[in-house]
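Structural overview for review
Spelled out, the chains give:
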Amino acid sequence: MKNIVYFDLETQQSAEEVGGWDKISAMKMSIGVTYNTARGEYKIYGEPQVNDLIAELQRADLVVGFNNLRFDYEVLHGYTTMDLRQLPTLDMLVELQNTLNHRLSLDSIATATFGLEKTAEGLQAIRWFKEGKLLEIAEYCCFDVKLTKLVHEHGARHKQLHYNNRFGKKLTVPVKWDV
């Protein structure tokens, strides 16, 4: 069985706080979450366990995320010299953007496909970090990983996803990925 690792992380600081989007690696991870299909379980990593998270990603047959190439891996590059973009990775945002020529949010796909909405957003997670509310960040991040897994599996099974465009119209996009 293929070891697919679904992955997301939240940061301690915003792009504005570190001096811009070209300094993502300075944002520092607050919480990272994986769902590992080989183990069939979620795992939550705090910043002290970031090396364990990176090791788990390295052991994956495929890492699946949403904006993980441009964002999550860049945050982790603040902790490692390894180029994580070399890992076998499916970044669903990149794949969908290549098909549609514009970006979609995970929320627009989850809402249109499953009727599920994200429970918060990244800036809220940063506020929680500053308030010491790591449990709230972990719950939010786990839910994002669950949405990522559901979206990936639905796309692999049905070869399409639904999304709401900026006018609220439900549209369909074909996808070409497997489980």
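Residues numbered from 1 in each chain as written. Predicted model: local features only at pLDDT ≥ 70, side-chain atom pairs only at ≥ 80, totals over all residues. Heavy atoms only, no water.

Things to note about the environment of leucine 93
- Along the chain, the position of leucine 93 falls in helix H4 (residues 92-100).
- What leucine 93 contacts, discounting residues up to four positions off in sequence, is Phe66, Asn67, Arg103 and Leu104. (Helix = DSSP H or I, 4+ residues; strand = E, 2+ residues; numbered from the N terminus. Contact = heavy atoms within 4.5 Å.)

A word on the packing of aromatic side chains
- By the definition in use, this model includes four aromatic pairs.
- Both rings, one in phenylalanine 7 and one in tyrosine 73, keep their centres 6.3 Å apart while their planes meet at 25 degrees; by these two values the pair is stacked. Highlighted residues: phenylalanine 7 in strand S1 (residues 4-11) and tyrosine 73 in helix H3 (residues 68-76), separated in sequence by 66 residues. You'll find phenylalanine 7 and tyrosine 73 in the same group, each marked buried. (Phe/Tyr/Trp six-rings, centres within 6.5 Å; stacked < 30°, edge-to-face > 60°. Buried < 20%, exposed > 50% of the residue type's maximum accessible area, 1.4 Å probe, protein only.)

Digging into unusual backbone geometry
- Unusually for a residue other than glycine, lysine 28 sits at a positive phi of about 60 degrees.
- The topology assignment puts lysine 28 in the loop between helix H1 (15-18) and strand S2 (29-36).

Points about the sheet that holds S2
- One open sheet holds the five strands; their spatial order is S3-S2-S1-S4-S5, and the pairing between them is mixed. The outermost strands of the open sheet, each flanked by one partner alone, are strand S3 (41-46) and strand S5 (89-91). Strand after strand, the sheet turns through a mean of 25 degrees between neighbouring axes, direction not considered.
- Summarising the sheet, strand S4 (residues 62-65) and S5 pair through three bridges and their orientation is parallel. Its bridge partner being in S5, valine 63 is matched across the sheet by threonine 89. (Pairing = 2+ DSSP bridges. Axes fitted to C-alpha atoms, helices over the stretch in contact; angles between N-to-C directions.)

A few points about the packing of helix H5 (residues 106-114) against helix H7 (residues 134-158)
- For the pair H5 and H7, the least separation of the axes is 10 Å and the interaxial angle reads 60 degrees. Of the possible angle classes, the one that applies to H5 and H7 is oblique. Helix-helix and strand crossings are classified by hand; for H5 and H7 the assignment is left-handed. Where H5 abuts H7, its residues Leu106, Ile109, Ala110, Thr113 and Phe114 lie against Asp144, Leu147, Thr148, Leu150, Val151 and His154.
- Class assignment of the residues belonging to the contact of H5 with H7 gives a composition of seven nonpolar, three polar and one charged. (Parallel < 35°, antiparallel > 145°, perpendicular 65-115°, else oblique. Left-handed = near helix turned anticlockwise from the far one by under 90°. Nonpolar A, V, L, I, M, F, W, Y, C, P; charged D, E, K, R; others polar.)

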